[in-house]
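# Analysis of the macromolecular model
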Amino acid sequence: MNFEAIYKSNQHFKSRYIFPERLFHYLRENFAGQIFKIGISYLKQPIYKLSFGTGPVKIIAWSQMHGNESNATLAMIDLLFSLENDTEQKRNLESRIHLDFIFMLNPDGSKKWTRLNAQELDLNRDFHNNHSAELKFLKETIEKGGYHYGLNLHEQRTIFTTDGIHPATLSFLSPSEDQERNITENRKKCMAVISEIFAKLENLIPNQIGRYSDEFYPTSTGDNFMKAGLPTVLFEGGHFENDYLRKETRKYYTIALYYALEAMAELNSGIEGWEDYFKIPENKETHYDIIYRNVKLNTDHECILDIAVQYKEFYESGNDDITFVPYVVAVGDVKNKKGWKEFDCSGKRFVSETKFPKLDEPVRFSIE
């Protein structure tokens, strides 16, 4: 089935920023019989699990473990909305899988648009310490659920490409279970699923699907769920050129999520085709958001250099969406990197109150 043909963006959620209260209200209004409160955040916000389907293959998925990574939440909302327009396909999927989807595992961080929770902890590095208020609810759900697969849903920065040219709009990973990165049966199960996703999407977004680093992280959630016996596929939604609000990424993230569920239903813990995983190119860290080339500074001696800039994302109360603030991240010779936008400043003036651009501070200069 061509899921792209039935994909529709849910216009109740137009922005990359999701107001937690709006999400909670939407879930209660539209999925009253399918949602369950599994816990509360550090600041006493609810954490909801939605159950979809009655099939034999049991899947657990979670979104916004990092509060400023909303595309997985939007993808699940869009997936449900799209399936409402194709009841035959919806019934088919419901008969093959049972999906428990935990929305917005970190609602406090989501409200502030921060990676960390309100305790300033990274939920994805708290597996053993168990200090965060929220992660225990995910772990308890998985311990009781008897799941065949997990989907650990994240987003990645604009710095990654698949080949030094094309952005890594989607990247996937079959996480390692040990420092040696051995290819275990669980990893093969994940690789088989990812290979199926890649086969369905590579013609839709050619050269824009990557493979995330399989370095083993001893404290991370996905690696430890793998080690404990749950095949856990990592999603990373990334950049699409000229799309910082990630509307195109959202679309392809949703399509990938559908094909992941379909692959899990079809494979049913099988490993057929797992070797094709290695056809996917590894992510490369090659880009900045902006590079100003050949900038002549206002110094006593001639100084010509490059200035690299990355956007930082912030949410300000009262706004409908996030804002992007450019920060200086590198000054000097950055010829080994590219910019999604580049400006040749030869023959132009560097206008600033300071002689040098300051690292890790907002851009306070102009080129005239």
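Scroll up for the structure.
Summarised in this report is the structure supplied together with it. (Residues numbered from 1 in each chain as written. Predicted model: local features only at pLDDT ≥ 70, side-chain atom pairs only at ≥ 80, totals over all residues. Heavy atoms only, no water.)

## Notes on the sheet that holds strand E14 (residues 338-344)
Note on sheets: strands pair through backbone hydrogen bonds, and any given pair is parallel or antiparallel. Spatial strand order, E13-E12-E11-E14: 4 strands in an open sheet with mixed pairing. Of all strands in the sheet, those bounded by a partner on one side alone are strand E13 (323-332) and E14. Ignoring strand direction, the axes of neighbouring strands in this sheet form an average angle of 30°. Of the strand pairs in this sheet, strand E12 (residues 304-314) and E13 are connected by 9 bridges, and their pairing is antiparallel. Bridge pairing links lysine 312 to valine 325 in E13. (Pairing = 2+ DSSP bridges. Helix = DSSP H or I, 4+ residues; strand = E, 2+ residues; numbered from the N terminus. Axes fitted to C-alpha atoms, helices over the stretch in contact; angles between N-to-C directions.)

## Topic: the state of the cysteines
For the coordinates displayed, the defined rule picks out 0 disulfides. The thiol of cysteine 303 is unpaired, and the distance to the nearest cysteine sulfur, on cysteine 345, comes to 13 Å. (Disulfide = S-S within 2.5 Å.)

## Considering the layout of surface pockets
Computed from the structure, the largest pocket encloses a volume of approximately 1,200 Å³. Taken together, 47 residues form the lining of the largest pocket, with Glu69, Arg115, Glu155, Gln156 and Arg157 sitting closest to its centre. Listed by contribution, the elements that provide at least two residues to the lining of the largest pocket are strand E5 (149-155), helix H7 (221-227), strand E9 (232-237), strand E10 (284-285), strand E11 (287-296), E12 and E13. For the lining of the largest pocket, the element with the highest residue contribution is E12, accounting for 5 residues. When grouped by side-chain class, the residues that make up the lining of the largest pocket number 15 nonpolar, 13 polar and 19 charged. (1 Å grid on protein atoms, 1.4 Å probe; cavity = no way out; pocket = protein on both sides within 12 Å on 5 of 7 lines; lining within 4 Å. Points joined across faces, edges and corners; volume = space filled by probe spheres on them. Nonpolar A, V, L, I, M, F, W, Y, C, P; charged D, E, K, R; others polar.)

## Focus on unusual backbone geometry
For tryptophan 113, which is not glycine, the phi torsion reads 55° and is therefore positive. Topologically, tryptophan 113 is positioned in the loop between helix H4 (107-112) and helix H5 (135-145). When its relative accessible area of 3% is taken as the criterion, tryptophan 113 is described as buried. If you check the backbone angles, glutamate 120 has positive phi at about 60° while not being a glycine. One can find glutamate 120 in the loop between H4 and H5. Residue classification places glutamate 120 among the exposed positions, given a relative accessible area of 65%. (Buried < 20%, exposed > 50% of the residue type's maximum accessible area, 1.4 Å probe, protein only.)

## Examining the pattern of salt bridges
Taken as a whole and judged by the stated rule, the model has 23 salt bridges. Between lysine 90 and glutamate 84 there is a salt bridge, with its nearest N and O atoms 2.7 Å apart. On the accessibility criterion, glutamate 84 (44% relative accessible area) is partly exposed. The salt bridge involving glutamate 302 is made with lysine 296; its shortest N-O contact spans 3.9 Å. It is possible to trace a salt-bridge network through shared partners that takes in Glu69, Arg115 and Asp122. (Salt bridge = Lys/Arg side-chain N within 4 Å of Asp/Glu carboxyl O.)

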